[in-house]
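Coordinate analysis (summary)
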Amino acid sequence: MKFTLSWLKTHLATDLSAEALAEKLTAVGLELESLTNPAKALAPFKVAYVVEAKPHPDADRLRVCLVDTGTEKIQVVCGAPNARTGMKGVFAPAGVVVPGTGLLLKAGQIRGQASNGMLVSMREMGLGEDHDGIIDLPADAPVGVPFAGLLGLDDPLFDVAITPNRADCLGVRGIARDLAAAGAGTLKPLPIAAVAGAYPSPIKIDLSALGASGACPVFVGRHFRGLKNGPSPKWLQDRLTSVGLRPISALVDITNFFTLDLNRPLHVFDAKKLKGDLHLKPAQGGESFEALDKKTYAMAGGETLICDAGGAVSLAGVIGGTSTGCDFDTTEVFLEVALFDPIRTAATGRHHQILSDARYRFERGLDPAFVMDGMEAATRMILDLCGGEASAPAIAGAVPDTRRSYALRGTRVATLGGLDVAPARQKAILESLGFGVAAKGGDFDVTPPSWRADVVGEADLVEEVCRIEGYDSIAATRLPREGAMPPLALTPAQRRSRDAKRVLAGLGLNEAVTFSFMRKDQAAMFAAPKPELEVANPISADLDYMRPSVVPNLASAAARNAARGLGDCALFEVGPIFDGIGEKDQRLVAGVLRAGAAVPRHWGQAARAVDAFDAKADALDLLRGLGLSVENVAVAREAPAWFHPGRSGALKLGPKTVLAWFGELHPRVAQALDLEGPVAACEVFLDAIPAPKAKGGRQRPALKLSPFQPLERDFAFVVDASVAADAILRAARSADKALIGGASVFDVYQGKGVPEGKKSVAIAVRLQPVERTLTEQDLDAVAQKIVAAVAKATGASLRG
């Protein structure tokens, strides 16, 4: 919400400086975004007298001017047709930046003549569109003074952030009311006198098609004839330009002024362009409407349309139409002052992506009681600025009765707000804000004003008293503390999340924290889309879907790093993923993504890119770090389709429980996520990891050391090529659990000496005696157990 100090003073009688008022605004909850004074930026530009303006000797359209700046005389080459001897203009010295063009002025030569500055136009100063000539100031303008003051530009500009609940402060008068209540001045009266109609309105309004929907509770219209629509007066143009609006014509400028000044959006139809009466109806879908922004909108259905006999002429509460727009030839208008449903207005504007000043206010809720007063005030200004005569108002519907009252206990401000405010002071504050207050003993019966729809209970009344009295007046109070702080109690899920982060950070990975949302089209690569996972009100267009995996967000982070020259990434994130909206459809996972080189360049080892085994190692390390015995974990070819089909897998505990999946991303997926080269990732389902068996303990048993030397024996098995190496390892480990301490694959071979369709898998088995040193007979016995167990589980035979 922008307004100038002079504009504010039309409603608030105050002697406070702009800076003091700015502090008051923030103190009462109206946060100041900025306070600027255009005159400061224009200070170098001063009134100058043109002593002489003679033709340029080498250019017909240029003039060489001798300019008196008040301190010196400077030569300037000027191309403006109105540059002449004896005039007063605005001089820009060399070294300043011209606001309207961004040009840095430099002293130089133009066609052989020195030019040490510039005489500027209004457009070059960013103050208008006039560039037909330089600024021509009155003859009595004092030479050498900053010209901004002469044009009334020495007027501080406030920009205030208005929260959605304070729709009443979307007008300058609402701001002034709050400041007056806070003691910053006195609110000036707003006299509004009814204007008698000279004739019945020839245009009627029909709301019957809306039924009881509440889309438009009341619509007041008024016909005007004999108008002359020209440029608005300077004071009105200055008001609008000071806040960044472009003056258009008197009628349009009046509607914009009322929107900003009194928070009362208006609309004017060129009455001669209307076809019959106006009727409002809900859009059925498919109707076409050309708006004032020169765009054509197709209705989706449900929007509130203002129509004449020829079709839609306005999108209610959002934007008017070109077919009935006013121009300088307009002599008859129909003025609209209405209330429109906030929810429908917001939905319409959002669907069609139209953000207008009217929509911004209607969707937050307007003062219903000001409809008629707004009509009378607008009528008076139209007649004063455009002449003509007005009809009697045409009224459809009725102003909603929003009257309500709430009890305010006299002690509640102290007990809830922390401020000790005397009852008389509470009453004075509320009355200064427009509330009706009736005393009942030490308590009050409070009626909010019609413009404060946000006040819905006693707590809101306490807030009103506290913000005007001043939050800074609340005394700092220590909370009572009894004994030592209790230990931090974490849920099992919180503890597991914390432990997972520690393990992954210990592996040298960097933690990423991303949104639980992502782009829907990217999510579709990781899971079938589900309508219930679409975000109804996304904070950004690329965050419109609940993520089915953390991997795509990590991939996007890696892509951003790669785009900035950091191609080798090792990232992890612990957070939720979503498969639906049910209680069990949210899962806690730890995701890891590695991209680029697996190891840094070094003379002692060969460089290689990340691969599926890096992702598998990360998953196993995490499971191991969380206390799971990974010897019981099986590897299966059950990774989702977004992994590379031949370079991925799943880690399972039993036939059904999937603990994790890992592998390289499918090349098409990696390319769609703007990643080049192999990308390895894993996702560990923390919810699926079994809880520790003993309370307060860990699932992993305590380490038992043996005094006897471990031994290692190698076995080479010939098996079908389709048999997973993990099946061989699991069978070997199970042959003698008391003696076998572990097994690992060290070679896989296919080729000469191995039958077609077969492969040779060589494993190393570690034997750890715990009772005595093993004899040759013991070793042969356990070897036979291993060969038999592997043969039974996989059909393998010992390679000769």
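Going by the structure above, here's the rest.
The shown structure was predicted, so the numbers you read here are calculated from the model rather than taken from an experiment.

Moving on, we get to the overall build of the chain. Assigned secondary structure in the chain consists of 20 helices and 42 strands. Here the analysis covers contacts within the chain between residues at least 6 apart in sequence; of these, 69% occur between residues at least 24 apart. When the accessible surface of the chain is summed, it comes to about 40300 Å², and 53% of that surface belongs to carbon and sulfur atoms. Each charge sign in the chain was given a centre, from 89 positive and 91 negative side chains, and these centres are 6 Å apart.

In this section: the environment of Gly 582. By secondary structure assignment, the location of Gly 582 is in the loop between strand 33 (569-578) and strand 34 (586-595). Residue classification places Gly 582 among the partly exposed positions, given a relative accessible area of 36%. Taking the C-alpha atoms as reference points, Gly 582 and Gly 753, 171 residues apart in sequence, are found 56 Å from one another.

Glancing now at empty space enclosed by the protein. Here the structure, examined in full by the defined rule, presents one cavity of 30 Å³ or more. By volume, the largest cavity is sized at about 60 Å³. Residue lining of the largest cavity: Ala 215, Thr 304, Ala 316, Val 318, Phe 340, Asp 341, Arg 344, Thr 345 and Thr 348, and that is the complete set. Counting residues per element, the lining of the largest cavity draws most heavily on helix 8 (residues 342-352), at three residues. Along the lines of polarity and charge, the residues of the lining of the largest cavity split into four nonpolar, three polar and two charged.

Here the focus is helix 20 (residues 776-794). For helix 20, with 19 residues, the first-to-last C-alpha span of 27 Å sits near the 27 Å given by 1.5 Å per residue. Inspection of helix 20 places Asp 778, Leu 779, Val 782, Ile 786, Ala 789, Val 790 and Thr 794 among the buried residues, and these make up the whole buried set. Looking down the long axis of helix 20, one finds its buried residues gathered within 100° of arc, a one-sided arrangement. Turned more than 90 degrees from where helix 20 packs its buried face, Glu 776, Gln 777, Gln 784 and Lys 792 sit exposed. Residues of helix 20 that are buried make contact with strand 39 (711-720), helix 19 (725-734), strand 40 (740-749) and strand 41 (758-767). Where helix 20 terminates, the next one or two residues include Gly 795, which has phi positive at roughly 75°.

Next up on the list: the sheet that holds strand 37 (residues 657-665). Strand order in this open sheet of seven strands is 30-33-34-38-37-36-35, and the pairing throughout is mixed. Each end of this open sheet is capped by a strand with a single partner; those strands are strand 30 (510-511) and strand 35 (634-636). Summarising the sheet, strand 35 and strand 36 (residues 643-653) pair through three bridges and their orientation is antiparallel. Paired with Val 635 across the two strands is Leu 651, which belongs to strand 36. Across the sheet, helix 14 (residues 492-506) touches strand 30, strand 33 and strand 34, and the angle it forms with strand 33 is around 165°.

The next thing to look at is the sheet that holds strand 5 (residues 59-68). The five strands lie next to each other as 6-5-4-7-12, forming an open sheet whose pairing is antiparallel. The open sheet is flanked by strand 6 (73-78) and strand 12 (117-119), the only strands paired with a single partner. When strand polarity is set aside, the average angle formed by the axes of neighbouring strands in this sheet is 45°. In terms of strand pairing, strand 4 (residues 46-56) meets strand 5 through seven bridges, oriented antiparallel.

This brings us to the side chain of Asp 155. Inspection of the secondary structure puts Asp 155 in the loop between helix 4 (147-150) and strand 13 (157-161). As a buried residue without a salt bridge, Asp 155 has its nearest oppositely charged side chain in Arg 239, at a separation of 5.4 Å. Among all residues touching Asp 155, those that are not within four sequence positions of it are Thr 4, Leu 5, Ser 6, Thr 36, Asn 37 and Pro 38.

Glancing now at helix 8. Restricting attention to buried positions, one finds in helix 8 the residues Thr 345, Thr 348, Gly 349 and His 352. The arc enclosing the buried residues of helix 8, seen along the axis, measures out at 95°, which places them on a common side. The exposed set on the far side of helix 8, more than 90 degrees from its buried face, consists of Ile 343, Arg 350 and His 351. At its buried positions, helix 8 is contacted by strand 20 (296-298), strand 22 (311-315) and helix 9 (357-362).

On to the packing of aromatic side chains, then. Aromatic ring pairs are defined here through the distance separating the ring centres and the angle between the ring planes. By the definition in use, this model includes eleven aromatic pairs. When the ring of Trp 661 is compared with that of Phe 685, the centres are 4.9 Å apart and the planes differ by 90°; the resulting orientation is edge-to-face. A residue pair is termed long-range when its members are at least 10 positions apart, and Trp 661 in strand 37 and Phe 685 in strand 38 (residues 679-685) qualify at 24 residues. On the accessibility criterion, Phe 685 (1% relative accessible area) is buried. Sitting over the face of the ring of Tyr 199, Arg 225 holds its NZ or CZ atom 3.6 Å from the ring centroid. Stacked on the ring of Phe 685, the Lys or Arg Arg 587 has its end atom at 4.1 Å from the ring centre.

This part is about the pattern of salt bridges. Under the criterion given, the structure shown has 36 salt bridges. A salt bridge links Glu 464 to Arg 467; the nearest nitrogen and oxygen atoms lie 2.9 Å apart. One end of the pair, Glu 464, and the other, Arg 467, are both in helix 13 (residues 458-469), three residues apart, so they sit about a helical turn from each other. Note on accessibility: Glu 464 and Arg 467 belong to one class, buried. Salt bridges sharing partners connect three or more residues here, namely Arg 166, Asp 168, Asp 178, Arg 452, Asp 454, Glu 464 and Arg 467.

Quick look at the side chain of Gln 522 now. Here Gln 522 shows up in helix 15 (residues 520-523). Dropping the residues within four chain positions of it, Gln 522 is found in contact with Ser 556 and Leu 673.

In this fold, Glu 683 is placed in strand 38. The exposure class assigned to Glu 683 is buried, which follows from its relative accessible area of 0%. Expressed as a C-alpha distance, the spacing of Glu 683 and Ala 59, which sit 624 residues apart in the sequence, is 76 Å. A polar side-chain atom of Glu 683 sits 2.7 Å from a polar atom in the side chain of Ser 549.

Okay, the pairing of strand 24 (residues 333-339) next. Among the seven residues that make up strand 24, seven are buried, leaving the element largely enclosed by the rest of the structure. Residue alternation in strand 24 divides its side chains into two sets, Val 333, Leu 335, Val 337 and Leu 339 and Phe 334, Glu 336 and Ala 338, and both sets are buried.

Glancing now at unusual backbone geometry. Within the chain, Gln 353 stands out as a residue other than glycine whose phi angle is a positive 55°. Positioned with a positive phi, Asp 674 is a non-glycine residue whose angle comes to about 65°. Relative to the elements of secondary structure, Asp 674 occurs in the loop between helix 18 (667-672) and strand 38. Judged by its relative accessible area of 62%, Asp 674 is exposed.

Where helix 19 contacts helix 20, the two axes come as close as 8 Å, and the packing angle between them is 135°. It follows that helix 19 is oblique to helix 20 by the angle criterion. Between helix 19 and helix 20 the crossing geometry is right-handed. Together, Ala 727, Ile 728, Ala 731 and Ala 732 of helix 19 and Ile 786, Ala 789, Val 790, Ala 793 and Thr 794 of helix 20 make up the contact between the two elements. Residues that form the contact of helix 19 with helix 20 fall into these classes: eight nonpolar, one polar and no charged.

Of all seven residues making up strand 38, seven are buried, and the element is well covered by its neighbours. Both faces of strand 38 are covered, namely the face carrying Val 679, Ala 681, Glu 683 and Phe 685 and the face carrying Ala 680, Cys 682 and Val 684. Across seven bridges, strand 34 lies against strand 38 in antiparallel orientation. Each residue of the ladder has a partner; that of Val 592, found in strand 38, is Cys 682. Summarising the sheet, strand 37 and strand 38 pair through five bridges and their orientation is antiparallel. Within strand 38, the position partnered with Glu 664 by the bridge is Ala 680.

Cut-offs used in this document
- Residues numbered from 1 in each chain as written.
- Predicted model: local features only at pLDDT ≥ 70, side-chain atom pairs only at ≥ 80, totals over all residues.
- Heavy atoms only, no water.
- Helix = DSSP H or I, 4+ residues; strand = E, 2+ residues; numbered from the N terminus.
- Contact = heavy atoms within 4.5 Å.
- Areas by Shrake-Rupley, 256 points an atom, 1.4 Å probe, with all protein chains shown as cover.
- Lys, Arg positive; Asp, Glu negative; His and termini not counted.
- Charge placed at Lys NZ, Arg CZ, Asp CG, Glu CD.
- Buried < 20%, exposed > 50% of the residue type's maximum accessible area, 1.4 Å probe, protein only.
- 1 Å grid on protein atoms, 1.4 Å probe; cavity = no way out; pocket = protein on both sides within 12 Å on 5 of 7 lines; lining within 4 Å.
- Points joined across faces, edges and corners; volume = space filled by probe spheres on them.
- Nonpolar A, V, L, I, M, F, W, Y, C, P; charged D, E, K, R; others polar.
- Expected span 1.5 Å × (residues − 1).
- Arc of directions from axis to C-beta.
- Pairing = 2+ DSSP bridges.
- Axes fitted to C-alpha atoms, helices over the stretch in contact; angles between N-to-C directions.
- Salt bridge = Lys/Arg side-chain N within 4 Å of Asp/Glu carboxyl O.
- Phe/Tyr/Trp six-rings, centres within 6.5 Å; stacked < 30°, edge-to-face > 60°.
- Lys NZ or Arg CZ within 6 Å of the ring centre and 35° of its normal.
- Polar contact = N/O pair within 3.5 Å; in protein donor to acceptor, adjacent residues only side chain to side chain.
- Parallel < 35°, antiparallel > 145°, perpendicular 65-115°, else oblique.
- Left-handed = near helix turned anticlockwise from the far one by under 90°.

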